[in-house]
Amino acid sequence: MSAAPAATRAPRVLLLAPDDAPTPDDPGGAAALLRSRVDLLLACGAQVDLLQLRDPARPGRLADFMAARPDAWRALRDRLADHDVLELPRPRRARAPLRHALRTARDPLALVADLALETRRRFDAALAGRRADLLWAEQLVPATWLAGWAQRTGDRRPRVWGHYDWYSRIKSLRASGRLDPRRWLRHAQIERGETALLQRFDALVSGSASEAEDARGRGAHRALWLPLTHPIGAEPRVPMPADAPAPRVVHLGGMATTATRRGLARFLDVTWPRVVALCARRDQAPPPLWVIGSLRGADADLRRRLDAVDAHCPGFVPDLDTALRPGDVHVAPWEHDTGTRTRVPRALARGQALVALDVVRRGVPVLVDGANVALAADLRSMADALVDLLDDPARRLRLARAGRDTFRRTFTVDAARPHLAALLRDFLPHDDLR
């Protein structure tokens, strides 16, 4: 695809995204990633035209954010070149298994990102004539719609896919343990569609290093690991203590997310009973367990288990500086290399000593066991690593400080901006990019 011609004005990026609230202080990782990418594009010197796509049947949290925090929204809106919300109702599908199967065979993403004819015309009209040097789509559905529009219109401007997860993999993880051939076939078809979609973008940007590597293996033209950044500044507000406090064990994340919910359940099944047993052998009481994040999505069994271990559950906390105390131990027990790209930098930024499974390094390769994190091979050995850290305040504080330094070097806008700017320069030969 041909690059945009050189120009004296700042390059303009049309950013298509779901109607998530563009703020790091919202439940889930999608809002934080969207805000991170907006901030990075602006820091590179680009003008950003943000077009958010809203399904009236399943609206995101943008409207709530605008109403509840008008000053924060206005501060961001003033930095954007333009902002619109486009209503795109998804079609209501009648039961027609054979017809759907045949269509999915031709277009594997049809059942994930379908548009009715009238809605497609509305989408096409919204994009027609928009002045932009580069087109950027966040998440799978907007990326699918953008690629379809470019194919219909013959638009040749460079395109970037802001990638969050492999949808087929997330669906498979949610369905793990269920033997359903039809479900397996559908996941395989979606995976085929995601791989084909890669070929229709000039570059993929992912918050996970392992998923960027996977994209390269699937034939992506370019794939960049662009870690999550937070607009909280290089210097977190809460200073590191001189001495390690009596530790708490902290787990972060809303239960509507598969990785958070299942990771916590496995932690309570395997790791926490061993932590309690190891503490008892040392004549110690187990530390308080804090589970921070919305419990929406947690089933009755998980809630009972949290009650049984006397976990402190404050729910969703908008300002994590008030809840993530420097020097505490932060656990990331998810057994896959997904679902940690937003949790890890949030913990490191607040000076928490991170204990995670070794697989987390695939997604976040700046983590080094013994240097800025304590890693364990599995959930059982995680208990040993956790208790050893609880018993060693000096080491706990050293890892917490090193983790905060890692945050400053990797997860700030200033740290990540040069990597995105280098990618943009390949498509946008503008002098104003920095």
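See the structure shown above.
What comes next concerns the included structure. (Residues numbered from 1 in each chain as written. Predicted model: local features only at pLDDT ≥ 70, side-chain atom pairs only at ≥ 80, totals over all residues. Heavy atoms only, no water.)

**Some words on the overall build of the protein chain**
This is how the line gets drawn: Under the DSSP-based scheme used, a helix requires at least four consecutive residues in state H or I and a strand at least two consecutive residues in state E, with every element numbered from the N terminus. For every residue, the accessible area obtained with a 1.4 Å probe (protein chains only) is divided by the maximum for its type, and the residue is called buried under 20%, exposed over 50%, and partly exposed between those limits. Note on definitions: a residue-residue contact is assigned when non-hydrogen atoms from the two residues lie within 4.5 Å. Using a 1.4 Å probe, accessible areas were evaluated by the Shrake-Rupley method; residue-level cover was limited to the displayed protein chains.
Scanning the protein chain for helices and strands turns up 16 helices and 13 strands. Counting the 434 residues in the protein chain, one finds 53% classified as buried. The contacts in the protein chain between residues at least 6 apart in sequence include a share of 75% that link residues at least 24 apart. Summed over its atoms, the accessible surface of the protein chain is roughly 18,700 Å², and 51% of this surface lies on carbon and sulfur atoms.

**Topic: the pairing of strand β12 (residues 353-357)**
Condition: In short, DSSP must find at least two bridges between two strands for them to pair.
Counting buried residues in β12 gives five out of five residues, a clear majority hidden from the surface. Going residue by residue along β12, you find Ala353, Val355 and Leu357 tucked away on one face and Leu354 and Ala356 tucked away on the opposite face as well. In terms of strand pairing, strand β11 (residues 329-332) meets β12 through four bridges, oriented parallel. Note on β12: the bridge partner recorded for valine 329 is alanine 353.

**A closer look at unusual backbone geometry**
Leaving glycine aside, a negative phi is the common case for residues, and trans is the common case for peptide bonds. The phi dihedral of aspartate 283 is positive, around 55°, even though this residue is not glycine. Its location among the elements puts aspartate 283 in the loop between α10 (258-281) and β9 (289-292). A positive phi angle is found at aspartate 310, which is not glycine, with a value near 60°. Residue placement: aspartate 310 occurs in the loop between α11 (300-308) and β10 (312-315).

**Quick notes on the nonpolar core**
The criterion, for reference: What is meant by a nonpolar core is a set of buried Ala, Val, Leu, Ile, Met, Phe, Trp, Tyr and Cys residues, joined one to another through side-chain atoms within 4.5 Å.
Within the largest apolar cluster, 39 residues are counted, with the highest numbers of intra-cluster contacts made by Leu15, Leu41, Leu134, Trp136 and Leu420. Mapped onto this core, the elements with two or more residues apiece are β1 (12-18), α1 (29-43), β2 (47-54), α2 (62-68), α3 (70-77), β4 (134-138), β6 (203-206) and α16 (413-427). Tallying contributions element by element places α1 first for this core, with eight residues. Ranked by size, the runner-up nonpolar core spans 34 residues in total, among them Ala265, Leu268, Leu289 and Leu399.

**Examining the packing of helix α5 (residues 117-127) against helix α6 (residues 140-153)**
To be explicit about the condition: Structural elements are reduced to axes, namely lines fitted to C-alpha atoms, with helices fitted over the stretch in contact, and the angle between N-to-C directions of any two is expressed from 0 to 180 degrees. When describing relative orientation, an angle under 35 degrees is termed roughly parallel and one over 145 degrees roughly antiparallel, while 65 to 115 degrees is termed roughly perpendicular and anything else oblique. Any residue outside Ala, Val, Leu, Ile, Met, Phe, Trp, Tyr, Cys, Pro, Asp, Glu, Lys and Arg is labelled polar, Gly included; the first ten of those are nonpolar and the last four are charged.
At a minimum axis distance of 11 Å, the contact between α5 and α6 shows a crossing angle of 75°. When the axis of α5 is compared with that of α6, the two are roughly perpendicular. Seen from α5, the contacting residues are Arg120, Phe123, Asp124 and Leu127; seen from α6, they are Trp145, Leu146, Trp149 and Arg152. Partitioning the contact of α5 with α6 into residue classes produces five nonpolar, no polar and three charged.

**Some words on the packing of α1 against α16**
Heads up, the condition is: A crossing counts as left-handed when the near helix is turned anticlockwise from the far one by less than a right angle, and as right-handed when that turn is clockwise.
Taken N-terminus to C-terminus, the directions of α1 and α16 make an angle of 70°; their axes are 9 Å apart at the nearest point. By the angle between their axes, α1 is roughly perpendicular relative to α16. The handedness of the crossing between α1 and α16 is right-handed. Here α1 contributes Asp39, Leu40, Leu41 and Ala43 to the contact with α16, which in turn contributes Val413, Ala416, Arg417, Leu420 and Leu424. Of the residues in the contact of α1 with α16, the class split is seven nonpolar, no polar and two charged.

**Brief notes about helix α14 (residues 379-390)**
Short version of the rule: Here, expected helix span is obtained from the residue count minus one, scaled by 1.5 Å. Whenever a nitrogen or oxygen atom comes within 3.5 Å of another N or O atom, the pair is scored as a polar contact, on the condition that within protein one atom can donate a hydrogen and the other can accept it, and that pairs from neighbouring residues in sequence are kept only if both atoms are in side chains.
In a regular helix each residue adds 1.5 Å, so 12 residues correspond to 16 Å; α14 covers 17 Å between its end C-alpha atoms and thus fits that length. Every buried residue of α14 is accounted for by Leu379, Met382, Ala383, Ala385, Leu386, Val387, Leu389 and Leu390. The opening residue of α14 is aspartate 378, an N-cap whose side-chain oxygen sits 3.3 Å from the backbone nitrogen of arginine 380.

**Some remarks on the side chain of glutamine 352**
Mapped onto the elements, glutamine 352 comes out in the loop between α12 (343-349) and β12. Not counting the four nearest positions on each side in its chain, glutamine 352 is found in contact with Val250, Leu324, Arg325, Gly327, Asp328, His330, Ala347 and Ala400.

**Details of the side chain of histidine 83**
Its location among the elements puts histidine 83 in strand β3 (residues 82-87). Judged by relative accessible area, histidine 83 falls into the buried class, the value being 11%. Polar contacts involving the side chain of histidine 83 include one to the side chain of glutamine 52, which spans 2.9 Å. Among all residues touching histidine 83, those that are not within four sequence positions of it are Asp49, Leu50, Gln52, Leu62, Trp73 and Arg77.

**Notes on α5**
Operational definition: Think of the arc as the fan of directions from the helix axis to the C-beta atoms.
Considered for burial, the residues of α5 that qualify are Thr119, Phe123, Asp124, Ala126 and Leu127. Viewed end-on, α5 has its buried residues packed into an arc of 160°, placing them on one side of the element. On its buried face, α5 is in contact with β1, β2, β3 and α6.

**A few points about the sheet that holds β3**
A sheet is described by the order of its strands in space; here seven strands give the open sequence β3-β2-β1-β4-β5-β6-β7, paired in parallel fashion. Lying at the two open borders of the sheet, with one neighbouring strand each, are β3 and β7 (223-225). Across the sheet, the mean angle from the axis of one strand to that of its neighbour is 20°, orientation sign disregarded. Examined bridge by bridge, β6 and β7 share three bridges and lie parallel to one another. Pairing of serine 206 across the sheet is with tryptophan 225, part of β7. Contacting β5 (159-163), β6 and β7, helix α9 (residues 209-217) crosses the sheet at an angle of about 170° to β7.

**A short note on the environment of alanine 356**
Tracing the backbone through its elements, the reader meets alanine 356 in strand β12. The residues contacting alanine 356, other than those within four sequence positions of it, are Ala332, Ala374, Leu375, Ala376 and Met382.

From the geometry alone we can't say anything about function, so treat these as descriptive.
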